[in-house]
Each structure stands twice: as C-alpha cells, then as structure tokens.
Amino acid sequence: MTKTKFKNLALGGFILAAFVSQTGCKPTDLSKENLIPKPVSVVATGSSFDLTDQTDIYVQGEAAELIQIGQFLADKLNPSTGLGIEVKTTIEAPGPGNIFLSLSGTDAELGNEGYELTITDKSVNLVANQPAGLFRGIQSIRQILPSRVEMADKQKGPWKLATGTIRDYPSYGYRGSMLDVARHFFGVEDVKNLIDQLAYYKMNVLHLHLSDDQGWRIEIKSWPNLTAHGGKTEVGGGEGGFYTQEQYSDIVKYAQDRYITIVPEIDMPGHTNAALASYAELNCSGKATELYTGREVGFSTLCTNKEVTYKFIDDVIRELAALTPGEYLHIGGDESHVTKIEDYIPFMNRVQDMVIAHGKKVFAWDEIALATLKPNTVVQYWAKAENAVKGVEQGAKVLISPAKYAYLDMQYDSTSTYGLHWAGYVEVDKGYNWDPANLEPTIKKENIIGIEAPLWTETVGTREEAEYLIFPRLLGYAEIGWTPTELRSWDEYKIRLANHGERMKAMKISFYPSKLVNWDAKDKK
Ligand code: IFG
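Model, not experiment: these values are computed from the prediction.

A. Looking closely at the site of the ligand. Taken together, 14 residues form the shell around the ligand, and within it Arg183, Tyr407, Asp409, Trp422 and Glu458 come nearest. Take Tyr407: an N or O atom from its side chain is 2.7 Å from an oxygen atom of the ligand. Here Trp422 contributes a side-chain N or O atom positioned 2.7 Å from an oxygen atom of the ligand. When the free accessible area of the ligand is taken as 350 Å², the share hidden by the protein chains comes to 96%.

Structure (structure tokens):
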C-alpha cells in the first residue's frame, strides 16, 4: 500500500472514530434496510434514533382513530422492547426522543395510503393524508427496527432506527390475498392471524371464499340449513365449520382496524354442492345431493330456471351485504361446466343486478366476461386471458390473479409437500418475476384495479400447512402490488427477502425455506 493510501485510510478511520465518539452511534444506512414492499424513495442521513424508556408515541389532536393507530404500534413494540411506550395526544410536535404521527392533506402524491417518514437522531415524524397512510407507515417503522422487535417476549436492546426520509405510496389500490375456507375450514383466530400478516406487508384486501362444493361457511339466517348441514364437513371428511354472523362481523372489524377490506365470495352457479345438499328445492331434480368431501370441480350447478333459486340468492346477498362494509361482493362464476352457457349468461346478468340492488359492486372470476358486465363489475383474471381481455373490451377493470404466477396453492416444485400443479410450479422467483401490466397488450395499468394471490385449500387444512404455501411468496405479491415495477428486480429483492426469514421466524410464520434464497444472510443489525 502506498504511503498516501495508508495516510488516507488512517485519516478516514480517525474521522469515523471521531464521528462515533461525538454522536455515540455507529453510522447507519436507511437505504440498506430490508423493507418489503420496497418504498418508492429512501434518503439516508447516516445517524440513528434510539427508542428508550423515555420514548412515547404522540398523535396530533384527539382523534380516536389516530390514538388507535398509535396504540397498534405501541402494542407491537412493547412486548419485545419492554420500554413501556405510551400513546399521548398533542397539538404541537412533541419534544425530542418521541414518535409523532400526524395528518396533513397537503401531499397529493401520497394518496390515501402513502406516507412520509422522517427520522432524525432526535425525532421520528410520520405524516400522511389519511389514517390508512399512517397505518402503512408504522409497518415501515417496525421493519426498520431489528427483526427481534417482532418477538413476543422481551429482547435485549438497543432499539435503533436508521435516520433519513422515506416517501412512499402504492402502485395499486387493491393488494390482496384470498383464503378458501370452503375446502378446508379455518377458524376466526387463523383468519385474524393472516390479517395481521397481510397488514405487516401493507396489503389491504382479504377475499374470503365462503362457499363451494365441500362447504358453506357463513350463517344465513333465512336459510339456516346452509351451515347446519352444508357446513358440516370439508375435503377429506373433516368436521368443517362455519362463521356465525357475529364471528364474520368480528373478522370484518379486525380487518377494518388494520385498514384491510374483506371481500366475501358466494360462488355461483357452479361450486354449489354444499347449498344443493342443504336444500332439495335448489336442485332441478328437486332432490338434495349428498355432501361432498372430494377435490373434483365443475360438477354442480344451481337450477338457473327455477324462481326459488333467485329468492335464495337474493336472501343470501341481502344478509351478506348487510354484514359487509366493503363496496364489493364476489359472486364467483367460475367452472360452471354443467351450466349451459345460454343459462349461465342470463343468470350472471340477473345476479349482478341483485348485488347492485343491495348497494354493492360485483367481483367475479373471469368467465363472467362471457355475460354482460354491469358498469362497476370487476373481472378477476385467473385462467383465461381472453376472458380478461373481453372484460376490458366491455370497459371493466381487471383484478390480476393469474394461476400460473399468483396461485398460492401451486406447488413450488415437484417435491413440495402441499399444493397442486395444474397451472405449473411456482417457485419464489417465478411468483415475483412478473408485471401485472405486462401480461397482455390489451390489459394496461389503467385497466387494472390491482393484484390478488389466492390460496385454495384442497391440500392444506391447518395454519402451518397454509403458511408453507403462502410464505414467502406472499411478500413478493405484496411488493408487486405496492412498488413501481421499475424499482423491482429479483436479484435485489431476494436479499431483502432473505432478511425477512428472521422476521417471519419472529412472527412464528412457518414459511417454506426456498433453496433460491440465501436465508443465512444474517439480519444486518
Ligand atoms: N380452480 C378453481 C378453484 C380451485 C383451484 C385450485 C378458480 C377460480 C382451481 N376455480 O380457481 O375452486 O379448485 O387450484
């Protein structure tokens, strides 16, 4: 090494030592944090903010909603840090050492879910236009702290946040997953657990597939046998189950408190054996079918030419709409292989009108594009691009859920313990390396309402089994829905994903340790 280089190295070391001794902290780099989804912009300033037992979370004004958001963060930080962080209200910005959440409607670019997080060595300021934006921003605060912050029991400090500014907002307004609770039933606690995980990754919709051939999972008071009989079993013959209307409302509120919308689905005219087994009059034969515990699809249909069928559907839609604050009801429409197309089309047209009459907008699988789409009907692209294209040509928005990229029940590879592979294998990289706006020339970004990753549960029946399929791929779909495509690359993402292995472990998520990810790359802090 030349003399000059040696001198420069010594000088650099001296400056670093002086910096550390002056500020008492090691330099940091906010832009190297492993945030998922990746924020729109991060500017690092190299210092750090310490959470201490003097730190509190201040919210501006007395709004109960902001206090609740502050409390959500405090409840996530206190068990592991033991710092006893409290939520307080203030008009002015608080003194140094605190976290401050406030609303300001002056930053249109942030939209309803965006936020700006400014961290200095003295303060943490989170600003958004709407409470939802604050809620998305506190997930970033959680992810900037060491992964052990997500542990349920007390961990040793220090609890440092790298300093700098994050400006962030989502690409798509609908960023969701779907849980099929019909093939295998999942109880309220499992659903709430999934909602917490969606919230951590800034997702904002959970679509619940509430009825199918194997089970009817939502109490309908005017047709009680749907759950009394139709909820009694599941794939494989297990005991099945269902949500009472009270339990469904509890799930809806839990989701709402995390700025997540529940989209309930009653699949029809196909995928209806549970209803057909519960009420003989719904069958064209007038005879009830047997309960079904297998995994075949496409063998059932409501009797589309009997008026009682529409009375049934109207009662179901009425009761479900009254329990659902979200603007959409999903009416399925997929794989109606034993419904003649000349019956399917008028059926789907009539049911759309019924949903609208009950004040909701319609979601349906992409086959509905064969019918006449009502103005706000959204086509969920899952199998046939030509159906989604038909939907766009009718002026509809498309929800992007292509089975070959986004079906969480697809096996990772031929050795996967759970899952199916009719749409192909979906390893973690394949699930990440695609762009919803680049699937079909006709389907442009402006035609897309967002992305959804469905989990069909023919092959999984417990939380752990479901998590094997959901994670880690869900993190990639969260990023596809949030982060601009031009900021995304698999090679860079997989390093951040590796660092989330520690976080998923801390949150007790039984994720699939894909060999494509170097999970041993230890968390940086
Ligand atoms: N297709 C069926 C689902 C489920 C799935 C399993 C849709 C819209 C295959 N319909 O996906 O009910 O069986 O991968």
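B. Geometry of the sheet that holds strand 7 (residues 159–168). Spatially, 1-7-5-6-4-2-3 is the arrangement adopted by the seven strands of the open sheet, whose pairing is mixed. Where the open sheet ends on each side, the last strands, each with one partner, are strand 1 (41–51) and strand 3 (87–90). Sheet twist, expressed as the mean angle between neighbouring strand axes with direction ignored, is 25°. Of the pairings in the sheet, the one linking strand 1 to strand 7 comprises eight bridges and is antiparallel in character. Opposite Ser41, over in strand 7, you have Arg167 as the bridge partner. With respect to the sheet, helix 2 (residues 64–81) is in contact with strand 1, strand 2 (57–60), strand 3, strand 4 (98–103) and strand 7, its orientation differing from that of strand 2 by roughly 170°.

C. Focus on the packing of helix 14 (residues 473–482) against helix 15 (residues 490–506). It is at 11 Å that the axes of helix 14 and helix 15 come closest, and there the two elements cross at 125°. With respect to their mutual orientation, helix 14 and helix 15 come out oblique. The handedness of the crossing between helix 14 and helix 15 comes out as right-handed. The residues of helix 15 that touch helix 14, namely those facing Leu475, Gly476 and Glu479, are Tyr493, Arg496, Leu497, His500 and Met504.

D. Region of the structure containing the state of the cysteines. Applying the stated criterion across every chain yields a total of one disulfide. Cys284 shares a disulfide with Cys303; S-S distance 2.0 Å. Negative torsions about the S-S bond denote left-handed disulfides, and the value of about 100° found for Cys284 with Cys303 makes this one right-handed. On the criterion of sequence distance, the pair formed by Cys284 in the loop between helix 7 (273–278) and helix 8 (307–323) and Cys303 in the loop between helix 7 and helix 8 is long-range, its members being 19 residues apart. Look at Cys284 and you get exposed, because its relative accessible area is 56%.

Conventions used here
- Residues numbered from 1 in each chain as written.
- Predicted model: local features only at pLDDT ≥ 70, side-chain atom pairs only at ≥ 80, totals over all residues.
- Heavy atoms only, no water.
- Near = heavy atom within 4 Å.
- Polar contact = N/O pair within 3.5 Å; in protein donor to acceptor, adjacent residues only side chain to side chain.
- Areas by Shrake-Rupley, 256 points an atom, 1.4 Å probe, with all protein chains shown as cover.
- Pairing = 2+ DSSP bridges.
- Helix = DSSP H or I, 4+ residues; strand = E, 2+ residues; numbered from the N terminus.
- Axes fitted to C-alpha atoms, helices over the stretch in contact; angles between N-to-C directions.
- Contact = heavy atoms within 4.5 Å.
- Parallel < 35°, antiparallel > 145°, perpendicular 65-115°, else oblique.
- Left-handed = near helix turned anticlockwise from the far one by under 90°.
- Disulfide = S-S within 2.5 Å.
- Buried < 20%, exposed > 50% of the residue type's maximum accessible area, 1.4 Å probe, protein only.

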